[in-house]
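Fold and geometry: a report
Listed here are the chains, written in short residue letters.
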Amino acid sequence: RKDKDFEEYLEELDPTHPAEARYAALFHVAHLITKATETSGAGKHASVLDACNEHPVVRLLVGMIDDYGTDDQIPPFILSTLVNLSCIDPDMVIDGGGFELLLRYVSIPKGQEKEETATRNQYYAVAGVYNLSANDTCAQQLVDNGVDKILEKLTKSPNEETSRHATYTLQNLEPLRPTSATQEAPQSKSPMKRLTAMLPSKS
């Protein structure tokens, strides 16, 4: 059989397919989206981004994590893919429910603070939230729901990347936060551009 194309892998993320097929499709989809975002959709990768716009890719990813999120391998691939998609098309992630999914991983569940997978998921979540915090609606939700308070604590995270992106996100939120809160938040240089994420290694 010839190699499957990206759209075929997208179709296999659908819950009508067996778990084994959905798992395999996820890793291919995540890899191809990462390659496409690294090249800004240039050349042969343009078709990947076009397909993402034509198919409910984010909703399919959210569905995967709802079905198989207890498998430690699944959330890192999905969250890192959302980071990459949010870098090139924030609205796609927002419209597909990706913003709400990222928020679920900003805080590490009690008792899992030292687990490598949990801290990695948190980093991807904060990176994705940073990418989306330039959106006015997302930024307002972060403040209204108290996520900015969580981010304040994460500026002191032992994970340097998590700390850095929490700090930059707070800077994006400054116009919406009370004066007292912005005075207490750490100050930093101007925020960087939206970022992409490396895929986790597949075990």
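Placed above this text is the structure.
Presented here is an overview of the structure given in this document. (Residues numbered from 1 in each chain as written. Predicted model: local features only at pLDDT ≥ 70, side-chain atom pairs only at ≥ 80, totals over all residues. Heavy atoms only, no water.)

Moving on: the overall build of the protein chain. The helix and strand inventory of the protein chain stands at twelve helices and zero strands. What you see in the protein chain, going N to C, is helices and strands ordered as α-α-α-α-α-α-α-α-α-α-α-α. Within the span of the protein chain, comprising 203 residues, buried residues form 48% of the whole. Restricting the contact set of the protein chain to residue pairs at least 6 apart, pairs at least 24 apart contribute 65%. Summed over its atoms, the accessible surface of the protein chain is roughly 10,400 Å², and 48% of this surface lies on carbon and sulfur atoms. (Helix = DSSP H or I, 4+ residues; strand = E, 2+ residues; numbered from the N terminus. Buried < 20%, exposed > 50% of the residue type's maximum accessible area, 1.4 Å probe, protein only. Contact = heavy atoms within 4.5 Å. Areas by Shrake-Rupley, 256 points an atom, 1.4 Å probe, with all protein chains shown as cover.)

The subject of this paragraph is the side chain of Asp148. With respect to the element layout, Asp148 can be found in helix H10 (residues 147–154). Using a relative accessible area of 3% as the deciding quantity, one classes Asp148 as buried.

A few words now on the nonpolar core. Of all hydrophobic cores here, the largest spans 54 residues; its most connected members are Leu13, Val57, Ile78, Leu85 and Leu151. In terms of residue count, helix H4 (residues 57–68) provides more of this core than any other element does, eight residues in total. Every residue in contact with Leu85, bar those within four places of it in the chain, is listed here: Ile33, Cys52, Val57, Val58, Leu61, Pro90, Met92 and Val93. (Core = buried A, V, L, I, M, F, W, Y, C linked by side-chain atoms within 4.5 Å.)

A cluster of acidic residues, Asp5, Glu7, Glu11, Asp50 and Glu54, forms a negative patch at the surface. For the negative patch, the secondary structure elements donating two or more residues are helix H1 (6–11) and helix H3 (46–54). You can see Asp5 is positioned in the segment before H1. (Patch = residues over 30% accessible without salt bridge, like charges linked within 9 Å, V, L, I, M, F, W, Y side chains within 5 Å. Salt bridge = Lys/Arg side-chain N within 4 Å of Asp/Glu carboxyl O. Lys, Arg positive; Asp, Glu negative; His and termini not counted. Charge placed at Lys NZ, Arg CZ, Asp CG, Glu CD.)

Aromatic ring pairs are described here by two measures, namely the spacing of the ring centres and the angle between the planes. Following the criterion strictly, the structure yields four aromatic pairs and no others. Ring geometry for Tyr130 and Tyr168: centres 6.2 Å apart, planes at 50 degrees, overall tilted. In this pair, Tyr130 is assigned in helix H8 (residues 116–132) and Tyr168 in helix H11 (residues 160–173), connecting sequence segments 38 residues apart. You'll find Tyr130 and Tyr168 in the same group, each marked buried. (Phe/Tyr/Trp six-rings, centres within 6.5 Å; stacked < 30°, edge-to-face > 60°.)

Here we take up H3. Listing the buried residues of H3 in full gives Val48, Leu49, Ala51 and Cys52. Down the axis, H3 shows its buried residues gathered within 155 degrees of arc, on one side only. In this structure, H3 carries Asn53 and Glu54 as exposed residues pointing more than 90 degrees from its buried face. Lining the buried residues of H3 we find H1, helix H2 (19–38), H4, helix H5 (74–88) and helix H6 (90–95). (Arc of directions from axis to C-beta.)

Two elements in contact, H5 and H8, have axes whose closest approach is 9 Å; the angle formed by their N-to-C orientations is 15 degrees. Of the possible angle classes, the one that applies to H5 and H8 is roughly parallel. Here H5 and H8 pass one another in a crossing that is left-handed. Here Pro75, Pro76, Leu79, Ser80, Val83, Ser86 and Cys87 of H5 lie close against H8, whose contacting residues are Thr117, Arg120, Asn121, Tyr124, Ala127, Gly128, Asn131 and Leu132. The class makeup of the residues in the contact of H5 with H8 is eight nonpolar, six polar and one charged. (Axes fitted to C-alpha atoms, helices over the stretch in contact; angles between N-to-C directions. Parallel < 35°, antiparallel > 145°, perpendicular 65-115°, else oblique. Left-handed = near helix turned anticlockwise from the far one by under 90°. Nonpolar A, V, L, I, M, F, W, Y, C, P; charged D, E, K, R; others polar.)

Quick look at H2 now. For H2, built from 20 residues, the straight-helix expectation of 28 Å at 1.5 Å per residue is met to within 8% by its first-to-last C-alpha distance of 29 Å. Residues of H2 that are buried sit in contact with H1, H3, H4 and H5. One or two positions beyond H2, positive phi appears at Ser40, with a value near 55 degrees. (Expected span 1.5 Å × (residues − 1).)

Within the element layout of this structure, Gln122 appears in helix H8. From its side chain, Gln122 meets the backbone oxygen of Val106 in a polar contact 2.8 Å long. (Polar contact = N/O pair within 3.5 Å; in protein donor to acceptor, adjacent residues only side chain to side chain.)

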